[in-house]
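# Examination of the molecular architecture
Spelled out from the first residue to the last, the chains are:
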Amino acid sequence: MLPIPFASSFVNPAGSAIRELFPYLSQPGIISLAGGYPSPSLFDAEGLQEAAARALSGGGALQYGATEGMPALREALALLCRSRGMVCSPSDLIVTTGSQQAFDLLLRIFIEPGDTVCVETPAYPAAIQALRLANAKIMAAPVDGQGLDVDALAARLALLPMAQRPRLVYTVPTFSNPCGTLLPAARREALVRLALQYHFLIVEDDPYGELSFIDDRPPSLYAVGQRIAGDGNPVLYLSSLSKTVAPALRIGWLTAPPDVLRRCVVAKQTMDLCTSPLAQQIAAEYLGAGRYPAGVERARTEYKQRMQAMADGLHARLGKKIAFVQPQGGMFVWLRSTVPVNAKQLFEAAVQCGVLYVPGAAFYPEAPDLGTLRLSFAAPDVGQIQEGIERLARAFAQAS
Ligand code: PMP
(Lines give C-alpha, C1' and ligand atoms only; values in the text may rest on other atoms or scores of the structure.)
Protein backbone atom coordinates (compact mmCIF):
# COMPACT_ATOMS: atom_id res chain seq x y z
CA MET A 1 0.00 0.00 0.00
CA LEU A 2 1.35 3.42 -0.94
CA PRO A 3 1.22 6.11 1.76
CA ILE A 4 -0.65 8.56 -0.53
CA PRO A 5 -3.34 8.08 -3.19
CA PHE A 6 -2.76 8.64 -6.88
CA ALA A 7 -3.88 11.89 -8.52
CA SER A 8 -7.58 11.63 -9.37
CA SER A 9 -7.14 11.10 -13.12
CA PHE A 10 -4.67 8.26 -12.46
CA VAL A 11 -6.67 6.33 -9.85
CA ASN A 12 -8.08 4.05 -12.53
CA PRO A 13 -6.77 5.26 -15.89
CA ALA A 14 -7.87 3.47 -19.06
CA GLY A 15 -4.86 2.47 -21.18
CA SER A 16 -4.81 2.71 -24.96
CA ALA A 17 -7.28 0.23 -26.46
CA ILE A 18 -5.05 -0.11 -29.52
CA ARG A 19 -1.94 -0.89 -27.51
CA GLU A 20 -3.93 -3.55 -25.68
CA LEU A 21 -4.18 -5.44 -28.98
CA PHE A 22 -0.39 -5.94 -29.04
CA PRO A 23 -0.44 -9.40 -27.39
CA TYR A 24 -2.56 -10.78 -30.28
CA LEU A 25 0.09 -9.66 -32.77
CA SER A 26 2.45 -12.39 -31.62
CA GLN A 27 -0.11 -15.08 -32.60
CA PRO A 28 1.54 -17.07 -35.43
CA GLY A 29 0.20 -16.24 -38.91
CA ILE A 30 -2.09 -13.43 -37.76
CA ILE A 31 -2.74 -10.66 -40.30
CA SER A 32 -3.06 -7.27 -38.64
CA LEU A 33 -5.36 -4.69 -40.15
CA ALA A 34 -5.32 -2.96 -36.77
CA GLY A 35 -2.44 -0.56 -36.10
CA GLY A 36 -1.95 2.75 -37.85
CA TYR A 37 1.66 1.87 -38.62
CA PRO A 38 3.28 3.01 -41.85
CA SER A 39 4.51 0.27 -44.15
CA PRO A 40 8.08 -0.76 -43.23
CA SER A 41 8.72 -1.31 -46.95
CA LEU A 42 8.33 2.44 -47.45
CA PHE A 43 10.96 3.56 -44.95
CA ASP A 44 13.78 5.24 -46.86
CA ALA A 45 16.46 3.36 -44.92
CA GLU A 46 19.27 4.47 -47.24
CA GLY A 47 18.30 8.14 -47.09
CA LEU A 48 17.90 8.02 -43.32
CA GLN A 49 21.23 6.22 -42.90
CA GLU A 50 23.00 8.93 -44.86
CA ALA A 51 21.16 11.64 -42.91
CA ALA A 52 22.10 9.95 -39.61
CA ALA A 53 25.77 9.69 -40.60
CA ARG A 54 25.84 13.39 -41.46
CA ALA A 55 23.94 14.27 -38.26
CA LEU A 56 26.49 12.44 -36.12
CA SER A 57 29.59 13.64 -37.92
CA GLY A 58 29.83 17.10 -36.30
CA GLY A 59 28.96 16.00 -32.76
CA GLY A 60 26.68 19.03 -32.29
CA ALA A 61 23.59 16.82 -32.34
CA LEU A 62 24.75 15.11 -29.14
CA GLN A 63 24.23 18.23 -27.01
CA TYR A 64 21.00 19.61 -25.47
CA GLY A 65 19.16 21.93 -27.83
CA ALA A 66 16.69 24.82 -27.78
CA THR A 67 13.21 23.85 -26.55
CA GLU A 68 11.65 25.49 -29.62
CA GLY A 69 13.60 23.14 -31.87
CA MET A 70 16.67 23.27 -34.06
CA PRO A 71 16.72 26.26 -36.45
CA ALA A 72 17.52 24.12 -39.52
CA LEU A 73 14.58 21.81 -38.81
CA ARG A 74 12.17 24.66 -38.08
CA GLU A 75 13.21 26.13 -41.41
CA ALA A 76 12.55 22.84 -43.22
CA LEU A 77 9.17 22.34 -41.49
CA ALA A 78 8.11 25.92 -42.30
CA LEU A 79 8.89 25.10 -45.93
CA LEU A 80 6.63 22.03 -45.67
CA CYS A 81 3.85 24.22 -44.22
CA ARG A 82 4.25 26.67 -47.10
CA SER A 83 4.01 23.78 -49.58
CA ARG A 84 0.65 23.05 -47.91
CA GLY A 85 -0.65 26.54 -48.69
CA MET A 86 0.06 28.08 -45.28
CA VAL A 87 1.87 31.38 -44.73
CA CYS A 88 4.56 30.21 -42.32
CA SER A 89 8.07 31.14 -41.21
CA PRO A 90 10.31 29.15 -38.83
CA SER A 91 9.30 31.28 -35.84
CA ASP A 92 5.63 30.35 -36.40
CA LEU A 93 6.24 26.75 -35.28
CA ILE A 94 7.92 24.69 -32.59
CA VAL A 95 9.25 21.14 -32.91
CA THR A 96 7.59 18.59 -30.61
CA THR A 97 8.27 14.98 -29.67
CA GLY A 98 5.64 13.60 -32.04
CA SER A 99 2.48 15.57 -32.75
CA GLN A 100 0.97 13.72 -29.80
CA GLN A 101 3.09 15.87 -27.49
CA ALA A 102 1.87 19.02 -29.22
CA PHE A 103 -1.75 18.12 -28.38
CA ASP A 104 -0.84 17.49 -24.77
CA LEU A 105 0.96 20.86 -24.59
CA LEU A 106 -2.15 22.61 -25.88
CA LEU A 107 -4.29 20.95 -23.23
CA ARG A 108 -1.83 22.04 -20.54
CA ILE A 109 -1.90 25.67 -21.55
CA PHE A 110 -5.64 25.99 -22.33
CA ILE A 111 -7.63 23.48 -20.28
CA GLU A 112 -8.63 23.62 -16.62
CA PRO A 113 -10.43 20.57 -15.17
CA GLY A 114 -14.08 20.74 -16.22
CA ASP A 115 -13.50 22.89 -19.31
CA THR A 116 -15.33 21.65 -22.40
CA VAL A 117 -13.43 20.38 -25.43
CA CYS A 118 -15.36 19.32 -28.50
CA VAL A 119 -14.09 16.28 -30.38
CA GLU A 120 -15.28 14.93 -33.71
CA THR A 121 -16.62 11.47 -32.95
CA PRO A 122 -15.52 8.80 -33.75
CA ALA A 123 -12.13 10.27 -32.81
CA TYR A 124 -8.45 9.45 -32.57
CA PRO A 125 -8.27 7.51 -29.26
CA ALA A 126 -5.09 9.14 -27.92
CA ALA A 127 -6.80 12.52 -28.17
CA ILE A 128 -9.70 11.20 -26.08
CA GLN A 129 -7.23 9.71 -23.61
CA ALA A 130 -5.31 13.00 -23.27
CA LEU A 131 -8.58 14.88 -22.68
CA ARG A 132 -9.62 12.42 -19.99
CA LEU A 133 -6.31 12.78 -18.20
CA ALA A 134 -6.68 16.56 -18.39
CA ASN A 135 -10.12 16.16 -16.75
CA ALA A 136 -11.73 17.97 -19.66
CA LYS A 137 -15.44 17.66 -20.29
CA ILE A 138 -15.66 15.99 -23.69
CA MET A 139 -18.39 17.12 -26.08
CA ALA A 140 -18.80 14.64 -28.95
CA ALA A 141 -19.57 16.23 -32.33
CA PRO A 142 -21.02 13.97 -35.04
CA VAL A 143 -19.33 13.17 -38.34
CA ASP A 144 -20.73 11.85 -41.61
CA GLY A 145 -19.14 10.53 -44.79
CA GLN A 146 -17.44 13.90 -45.31
CA GLY A 147 -16.02 14.38 -41.83
CA LEU A 148 -17.21 16.77 -39.10
CA ASP A 149 -20.87 17.69 -39.53
CA VAL A 150 -20.39 21.44 -39.14
CA ASP A 151 -24.12 22.26 -39.42
CA ALA A 152 -24.94 19.84 -36.62
CA LEU A 153 -22.17 21.38 -34.51
CA ALA A 154 -23.53 24.88 -35.19
CA ALA A 155 -27.01 23.75 -34.10
CA ARG A 156 -25.58 22.29 -30.86
CA LEU A 157 -23.56 25.41 -30.11
CA ALA A 158 -26.56 27.65 -30.57
CA LEU A 159 -28.34 25.79 -27.74
CA LEU A 160 -25.43 25.67 -25.28
CA PRO A 161 -25.20 28.13 -22.40
CA MET A 162 -22.06 30.26 -22.60
CA ALA A 163 -20.32 28.43 -19.72
CA GLN A 164 -20.60 25.09 -21.50
CA ARG A 165 -19.25 26.24 -24.82
CA PRO A 166 -16.08 24.47 -25.91
CA ARG A 167 -12.71 26.18 -25.67
CA LEU A 168 -11.20 23.88 -28.29
CA VAL A 169 -12.59 21.80 -31.17
CA TYR A 170 -10.33 18.90 -32.15
CA THR A 171 -10.53 17.53 -35.68
CA VAL A 172 -8.53 15.53 -38.25
CA PRO A 173 -10.06 17.10 -41.35
CA THR A 174 -7.82 15.54 -43.98
CA PHE A 175 -8.06 11.71 -44.24
CA SER A 176 -9.18 11.30 -40.68
CA ASN A 177 -8.29 8.67 -38.15
CA PRO A 178 -10.43 6.56 -37.90
CA CYS A 179 -12.94 7.40 -40.66
CA GLY A 180 -10.59 8.24 -43.54
CA THR A 181 -12.88 11.13 -44.54
CA LEU A 182 -11.93 14.41 -46.22
CA LEU A 183 -13.67 17.59 -45.04
CA PRO A 184 -14.90 19.60 -48.07
CA ALA A 185 -13.72 23.19 -48.62
CA ALA A 186 -17.13 24.71 -47.81
CA ARG A 187 -17.27 22.96 -44.44
CA ARG A 188 -13.72 24.11 -43.66
CA GLU A 189 -14.77 27.69 -44.20
CA ALA A 190 -17.96 27.20 -42.19
CA LEU A 191 -16.01 25.69 -39.28
CA VAL A 192 -13.56 28.60 -39.21
CA ARG A 193 -16.46 31.08 -39.23
CA LEU A 194 -18.12 29.13 -36.40
CA ALA A 195 -14.90 29.37 -34.37
CA LEU A 196 -14.84 33.12 -34.87
CA GLN A 197 -18.53 33.40 -33.93
CA TYR A 198 -18.35 31.27 -30.78
CA HIS A 199 -14.76 32.13 -29.76
CA PHE A 200 -13.21 28.67 -29.74
CA LEU A 201 -9.90 27.50 -31.15
CA ILE A 202 -9.73 24.71 -33.72
CA VAL A 203 -7.00 22.12 -33.25
CA GLU A 204 -6.30 20.80 -36.74
CA ASP A 205 -4.41 17.51 -36.47
CA ASP A 206 -2.85 16.74 -39.85
CA PRO A 207 -0.53 13.73 -39.89
CA TYR A 208 -2.11 12.22 -43.03
CA GLY A 209 -2.79 15.15 -45.39
CA GLU A 210 0.10 14.41 -47.74
CA LEU A 211 -0.93 10.76 -48.14
CA SER A 212 -3.49 11.79 -50.71
CA PHE A 213 -4.81 9.57 -53.50
CA ILE A 214 -6.28 12.52 -55.38
CA ASP A 215 -4.59 15.51 -57.01
CA ASP A 216 -6.77 18.30 -55.66
CA ARG A 217 -7.50 18.47 -52.00
CA PRO A 218 -8.95 21.41 -50.08
CA PRO A 219 -6.61 23.83 -48.29
CA SER A 220 -5.78 23.10 -44.66
CA LEU A 221 -8.08 24.63 -42.04
CA TYR A 222 -5.07 26.67 -40.94
CA ALA A 223 -4.74 28.20 -44.43
CA VAL A 224 -8.48 28.88 -44.52
CA GLY A 225 -8.25 30.55 -41.11
CA GLN A 226 -5.38 32.74 -42.31
CA ARG A 227 -7.34 33.78 -45.37
CA ILE A 228 -10.50 34.63 -43.43
CA ALA A 229 -9.11 36.02 -40.18
CA GLY A 230 -5.47 36.98 -40.81
CA ASP A 231 -3.71 37.43 -37.45
CA GLY A 232 -6.92 36.38 -35.71
CA ASN A 233 -6.67 32.87 -37.23
CA PRO A 234 -8.50 30.56 -34.80
CA VAL A 235 -6.71 27.42 -36.08
CA LEU A 236 -3.77 25.73 -34.33
CA TYR A 237 -2.02 23.26 -36.62
CA LEU A 238 -0.36 19.97 -35.65
CA SER A 239 1.58 17.74 -38.00
CA SER A 240 4.21 15.03 -37.96
CA LEU A 241 6.89 13.18 -39.89
CA SER A 242 5.65 9.88 -38.40
CA LYS A 243 3.53 8.78 -41.35
CA THR A 244 5.66 10.20 -44.17
CA VAL A 245 9.23 9.56 -42.97
CA ALA A 246 9.36 7.34 -39.84
CA PRO A 247 7.53 7.34 -36.49
CA ALA A 248 10.74 6.38 -34.68
CA LEU A 249 12.10 9.89 -35.26
CA ARG A 250 9.30 11.21 -33.01
CA ILE A 251 9.31 14.51 -34.87
CA GLY A 252 6.09 16.50 -34.85
CA TRP A 253 5.35 20.21 -34.80
CA LEU A 254 2.86 22.86 -33.77
CA THR A 255 2.16 25.94 -35.90
CA ALA A 256 0.41 28.61 -33.84
CA PRO A 257 0.53 32.30 -32.81
CA PRO A 258 3.57 33.49 -30.77
CA ASP A 259 1.69 33.75 -27.45
CA VAL A 260 0.56 30.10 -27.79
CA LEU A 261 4.03 28.87 -28.81
CA ARG A 262 5.71 30.72 -25.94
CA ARG A 263 3.49 29.01 -23.38
CA CYS A 264 3.88 25.61 -25.01
CA VAL A 265 7.66 26.04 -24.83
CA VAL A 266 7.43 26.62 -21.07
CA ALA A 267 5.22 23.53 -20.68
CA LYS A 268 7.60 21.48 -22.83
CA GLN A 269 10.58 22.52 -20.70
CA THR A 270 9.15 20.47 -17.83
CA MET A 271 8.38 17.49 -20.08
CA ASP A 272 11.53 16.78 -22.05
CA LEU A 273 13.62 20.02 -22.18
CA CYS A 274 13.82 19.55 -25.94
CA THR A 275 12.94 17.01 -28.62
CA SER A 276 15.94 14.72 -29.24
CA PRO A 277 18.49 16.94 -31.02
CA LEU A 278 19.88 13.84 -32.72
CA ALA A 279 16.45 13.00 -34.19
CA GLN A 280 15.97 16.64 -35.15
CA GLN A 281 19.33 16.81 -36.91
CA ILE A 282 18.61 13.56 -38.78
CA ALA A 283 15.22 14.93 -39.84
CA ALA A 284 16.76 18.26 -40.92
CA GLU A 285 19.48 16.49 -42.91
CA TYR A 286 16.89 14.20 -44.49
CA LEU A 287 14.55 17.02 -45.50
CA GLY A 288 17.51 19.13 -46.63
CA ALA A 289 18.73 16.35 -48.92
CA GLY A 290 15.51 16.65 -50.90
CA ARG A 291 14.41 13.01 -50.57
CA TYR A 292 11.08 13.78 -48.90
CA PRO A 293 8.88 14.47 -51.97
CA ALA A 294 9.86 11.21 -53.69
CA GLY A 295 9.20 9.28 -50.46
CA VAL A 296 5.73 10.80 -50.12
CA GLU A 297 5.01 10.01 -53.76
CA ARG A 298 5.99 6.35 -53.24
CA ALA A 299 3.74 6.16 -50.18
CA ARG A 300 0.79 7.71 -52.03
CA THR A 301 1.09 5.20 -54.89
CA GLU A 302 1.55 2.20 -52.61
CA TYR A 303 -1.22 3.11 -50.15
CA LYS A 304 -3.64 3.84 -52.95
CA GLN A 305 -3.12 0.32 -54.34
CA ARG A 306 -3.54 -1.20 -50.90
CA MET A 307 -6.67 0.84 -50.20
CA GLN A 308 -8.16 -0.27 -53.52
CA ALA A 309 -7.37 -3.92 -52.72
CA MET A 310 -9.11 -3.53 -49.38
CA ALA A 311 -12.15 -1.74 -50.82
CA ASP A 312 -12.50 -4.34 -53.62
CA GLY A 313 -12.16 -7.19 -51.11
CA LEU A 314 -14.76 -5.67 -48.80
CA HIS A 315 -17.26 -5.19 -51.65
CA ALA A 316 -16.67 -8.71 -52.96
CA ARG A 317 -16.58 -10.61 -49.66
CA LEU A 318 -18.79 -8.61 -47.29
CA GLY A 319 -21.07 -6.82 -49.75
CA LYS A 320 -24.24 -5.59 -48.10
CA LYS A 321 -23.23 -6.70 -44.60
CA ILE A 322 -21.18 -3.53 -44.19
CA ALA A 323 -21.15 0.11 -45.21
CA PHE A 324 -18.04 2.26 -45.67
CA VAL A 325 -16.81 5.39 -47.42
CA GLN A 326 -13.89 4.66 -49.74
CA PRO A 327 -11.08 6.91 -48.48
CA GLN A 328 -9.30 9.38 -50.76
CA GLY A 329 -6.10 9.28 -48.73
CA GLY A 330 -4.58 8.33 -45.38
CA MET A 331 -4.38 4.87 -43.87
CA PHE A 332 -7.86 3.86 -42.67
CA VAL A 333 -11.23 2.41 -43.67
CA TRP A 334 -14.08 2.72 -41.17
CA LEU A 335 -16.70 -0.02 -41.38
CA ARG A 336 -20.21 -0.05 -40.04
CA SER A 337 -22.00 -3.34 -39.90
CA THR A 338 -25.44 -3.19 -41.52
CA VAL A 339 -26.45 -6.53 -40.00
CA PRO A 340 -26.71 -7.18 -36.25
CA VAL A 341 -23.37 -8.39 -34.87
CA ASN A 342 -22.15 -8.87 -31.35
CA ALA A 343 -18.91 -6.85 -31.23
CA LYS A 344 -17.25 -9.15 -28.71
CA GLN A 345 -18.17 -12.30 -30.67
CA LEU A 346 -17.00 -10.74 -33.93
CA PHE A 347 -13.63 -9.80 -32.46
CA GLU A 348 -13.12 -13.25 -30.94
CA ALA A 349 -14.10 -14.92 -34.24
CA ALA A 350 -11.71 -12.64 -36.15
CA VAL A 351 -8.80 -13.52 -33.85
CA GLN A 352 -9.65 -17.20 -34.27
CA CYS A 353 -9.75 -16.77 -38.06
CA GLY A 354 -6.34 -15.02 -37.87
CA VAL A 355 -7.15 -11.38 -38.55
CA LEU A 356 -6.94 -8.36 -36.29
CA TYR A 357 -8.77 -5.02 -36.48
CA VAL A 358 -9.58 -2.29 -33.96
CA PRO A 359 -13.12 -2.58 -32.52
CA GLY A 360 -14.90 0.74 -33.04
CA ALA A 361 -15.69 1.32 -29.35
CA ALA A 362 -12.11 2.61 -28.85
CA PHE A 363 -12.95 5.70 -30.90
CA TYR A 364 -15.89 6.99 -28.85
CA PRO A 365 -15.63 9.11 -25.69
CA GLU A 366 -19.12 7.86 -24.76
CA ALA A 367 -22.04 5.85 -26.18
CA PRO A 368 -20.01 3.78 -28.68
CA ASP A 369 -21.58 2.36 -31.83
CA LEU A 370 -20.62 -1.28 -31.27
CA GLY A 371 -21.25 -2.22 -34.89
CA THR A 372 -18.18 -0.31 -36.09
CA LEU A 373 -14.58 -1.28 -36.78
CA ARG A 374 -11.41 0.37 -38.07
CA LEU A 375 -9.19 -1.30 -40.63
CA SER A 376 -5.80 -0.03 -41.78
CA PHE A 377 -4.42 -0.83 -45.23
CA ALA A 378 -1.03 0.80 -44.66
CA ALA A 379 1.20 -1.91 -43.19
CA PRO A 380 -0.04 -5.19 -44.80
CA ASP A 381 0.77 -5.80 -48.49
CA VAL A 382 -1.92 -6.45 -51.11
CA GLY A 383 -1.79 -10.25 -50.67
CA GLN A 384 -2.14 -9.94 -46.89
CA ILE A 385 -5.00 -7.48 -47.29
CA GLN A 386 -6.89 -9.86 -49.59
CA GLU A 387 -6.36 -12.79 -47.22
CA GLY A 388 -7.20 -10.58 -44.22
CA ILE A 389 -10.54 -9.61 -45.75
CA GLU A 390 -11.30 -13.29 -46.52
CA ARG A 391 -10.74 -14.06 -42.87
CA LEU A 392 -12.82 -11.07 -41.75
CA ALA A 393 -15.68 -12.28 -43.96
CA ARG A 394 -15.47 -15.70 -42.29
CA ALA A 395 -15.55 -14.05 -38.88
CA PHE A 396 -18.64 -12.02 -39.88
CA ALA A 397 -20.35 -15.21 -41.08
CA GLN A 398 -19.66 -16.81 -37.70
CA ALA A 399 -20.76 -13.80 -35.61
CA SER A 400 -23.82 -12.51 -37.48
N1 PMP B 1 -2.83 12.30 -34.53
C2 PMP B 1 -3.40 11.31 -35.22
C3 PMP B 1 -4.74 11.52 -35.82
C4 PMP B 1 -2.74 10.08 -35.36
O5 PMP B 1 -3.35 9.10 -36.03
C6 PMP B 1 -1.46 9.91 -34.78
C7 PMP B 1 -0.69 8.62 -34.87
N8 PMP B 1 -1.42 7.46 -34.87
C9 PMP B 1 -0.92 10.97 -34.08
C10 PMP B 1 -1.62 12.16 -33.97
C11 PMP B 1 0.39 10.87 -33.37
O12 PMP B 1 1.46 11.00 -34.21
P13 PMP B 1 2.93 11.20 -33.71
O14 PMP B 1 3.66 9.95 -34.04
O15 PMP B 1 3.43 12.38 -34.49
O16 PMP B 1 2.91 11.49 -32.24
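Residues numbered from 1 in each chain as written. Predicted model: local features only at pLDDT ≥ 70, side-chain atom pairs only at ≥ 80, totals over all residues. Heavy atoms only, no water.

### Structural notes on the overall build of the protein chain
Rules: Secondary structure is summarised from DSSP: a helix means a run of H or I of at least four residues, a strand means a run of E of at least two, and numbering begins at the N terminus for each. Our radius of gyration looks at C-alpha atoms and nothing else; its globule reference is 2.2 Å times the residue count to the power 0.38. Each residue's exposure class comes from its accessible area (1.4 Å probe, protein chains only) as a fraction of the maximum for that residue type: buried when under 20%, exposed when over 50%, partly exposed otherwise.
A tally of regular secondary structure across the protein chain gives 13 helices and 14 strands. Radius of gyration (C-alpha) of the protein chain: 21 Å, near the 21 Å computed for a compact globule of 400 residues. Overall, the protein chain is about 60 × 55 × 55 Å in size when its C-alpha atoms are taken along their principal axes. Across the 400 residues of the protein chain, 53% fall into the buried class.

### Some points on the nonpolar core
Note the following rule: Among buried residues, the Ala, Val, Leu, Ile, Met, Phe, Trp, Tyr and Cys ones that are joined through side-chain atoms within 4.5 Å form a nonpolar core. For the domain bounds, the source is a domain assignment made automatically or taken from a database. It only takes one pair of heavy atoms within 4.5 Å for two residues to be counted as in contact.
Counting 83 residues, the largest nonpolar core has Leu-254, Leu-314, Leu-375 and Leu-392 as its most contacted members. When residues of this core are assigned to their parent elements, the largest contribution, eight residues, is made by helix α11 (residues 292–318). Formed jointly, this core draws a minimum of three residues from each of two domains, domain 1 (8–44 + 294–399) and domain 2 (45–291). For Leu-392, the contacting residues outside a window of four places in its chain are Leu-314, Leu-318, Leu-335, Val-355, Tyr-357, Leu-373 and Leu-375. If you look at the next biggest cluster of nonpolar residues, it comprises 51 residues, including Leu-73, Val-95, Leu-148 and Ile-251.

### Some remarks on the packing of aromatic side chains
Which entries qualify depends on this criterion: Centres within 6.5 Å are what make two rings of Phe, Tyr or Trp a pair, Trp counting through its six-membered ring; a difference in plane orientation under 30 degrees is then read as stacked, over 60 as edge-to-face, and the rest as tilted.
Summed over all chains, the structure comprises eight aromatic pairs. Judged by centre distance (6.1 Å) and plane angle (65°), the rings of Tyr-222 and Tyr-237 are edge-to-face. On the criterion of sequence distance, the pair formed by Tyr-222 in helix α8 (residues 221–229) and Tyr-237 in strand β8 (residues 235–240) is long-range, its members being 15 residues apart.

### Quick notes on the domain arrangement of the protein chain
What counts, and what does not: Buried area is understood as the total, over both parts, of accessible area removed when two parts are fitted together, assessed with a 1.4 Å probe. Any pair of nitrogen or oxygen atoms within 3.5 Å is treated as a polar contact; in protein, a donor-acceptor pairing is required on top of that, and neighbouring residues in sequence qualify only through side-chain atoms on both sides. Each residue receives one of three labels: charged for Asp, Glu, Lys and Arg, nonpolar for Ala, Val, Leu, Ile, Met, Phe, Trp, Tyr, Cys and Pro, and polar for the others, Gly being one of them.
As assigned here, the protein chain comprises domain 1 (8–44 + 294–399) and domain 2 (45–291). When each unit is reduced to the centre of its C-alpha atoms, the spacing between domain 1 and domain 2 is 25 Å. On the domain 2 side, the residues contacting the 36 residues of domain 1 number 38 residues. Taking both sides of the interface into account, the surface hidden between domain 1 and domain 2 amounts to around 3100 Å²; carbon and sulfur atoms contribute 61%. Of all residues in domain 1, Asp-44, Gln-328 and Pro-365 give up the largest surface area on contact with domain 2, accounting jointly for 24% of the area buried on that side. Summed over the shared surface of domain 1 and domain 2, the number is 18 residue pairs in polar contact (both at pLDDT 80 or more). Looking at the side of domain 1 that touches domain 2, the elements that each hand over two or more residues are α11 and β11 (332–337). With eight residues, the single largest contributor to the side of domain 1 that touches domain 2 is α11. By residue class, the composition of the side of domain 1 that touches domain 2 is 22 nonpolar, nine polar and five charged.

### Notes on the packing of helix α7 (residues 185–198) against α8
Put simply, the rule is: Axis definition: a line fit to C-alpha positions, over the contact stretch in the case of helices; interaxial angles, taken between N-to-C directions, run 0 to 180 degrees. The labels follow the angle: roughly parallel below 35 degrees, roughly antiparallel above 145, roughly perpendicular from 65 to 115, and oblique for the rest. If you view the pair so one helix is near and one far, a crossing is left-handed when the near helix is turned anticlockwise from the far one by less than a right angle, and right-handed when it is turned clockwise.
Closest axis-to-axis distance for the α7/α8 pair is 9 Å, and the angle between their directions is 60°. By the angle class used here, α7 and α8 are oblique. Considering how the two elements wind past one another, α7 and α8 form a crossing that is right-handed. Where α7 approaches α8, its residues Arg-188, Glu-189, Leu-191, Val-192, Arg-193 and Leu-196 are matched on the opposing element by Leu-221, Val-224, Gly-225, Arg-227, Ile-228 and Ala-229.

### A word on the site of the ligand
The cut-off we apply is this: Residues are classed as near a molecule or strand on a simple rule: at least one heavy atom within 4 Å of it. Note on areas: these come from Shrake-Rupley sampling with a 1.4 Å probe, and a residue is covered only by the protein chains present in the view.
The immediate surroundings of the ligand are formed by 14 residues, with Asp-205, Tyr-208, Ser-240, Ser-242 and Arg-250 found nearest. The backbone of Gln-100 places a nitrogen or oxygen atom 3.1 Å from an oxygen atom of the ligand. A distance of 2.8 Å separates an oxygen atom of the ligand from a polar side-chain atom of Asn-177. For the ligand, the accessible surface in isolation is 400 Å², of which the surrounding protein chains cover 90%. It is helix α4 (residues 98–110) that provides the largest number of residues to the shell around the ligand, a total of three residues. Looking at the shell around the ligand residue by residue, the classes come out as five nonpolar, six polar and three charged.

### Some details on helix α5 (residues 125–133)
Within the sequence span of α5, burial applies to Pro-125, Ala-126, Ala-127, Ile-128, Ala-130 and Leu-131. The inward-facing, buried residues of α5 abut α4, β3 (116–121), β4 (137–144) and β6 (168–171). In the segment just after α5, Asn-135 is the residue with positive phi, at about 60°.

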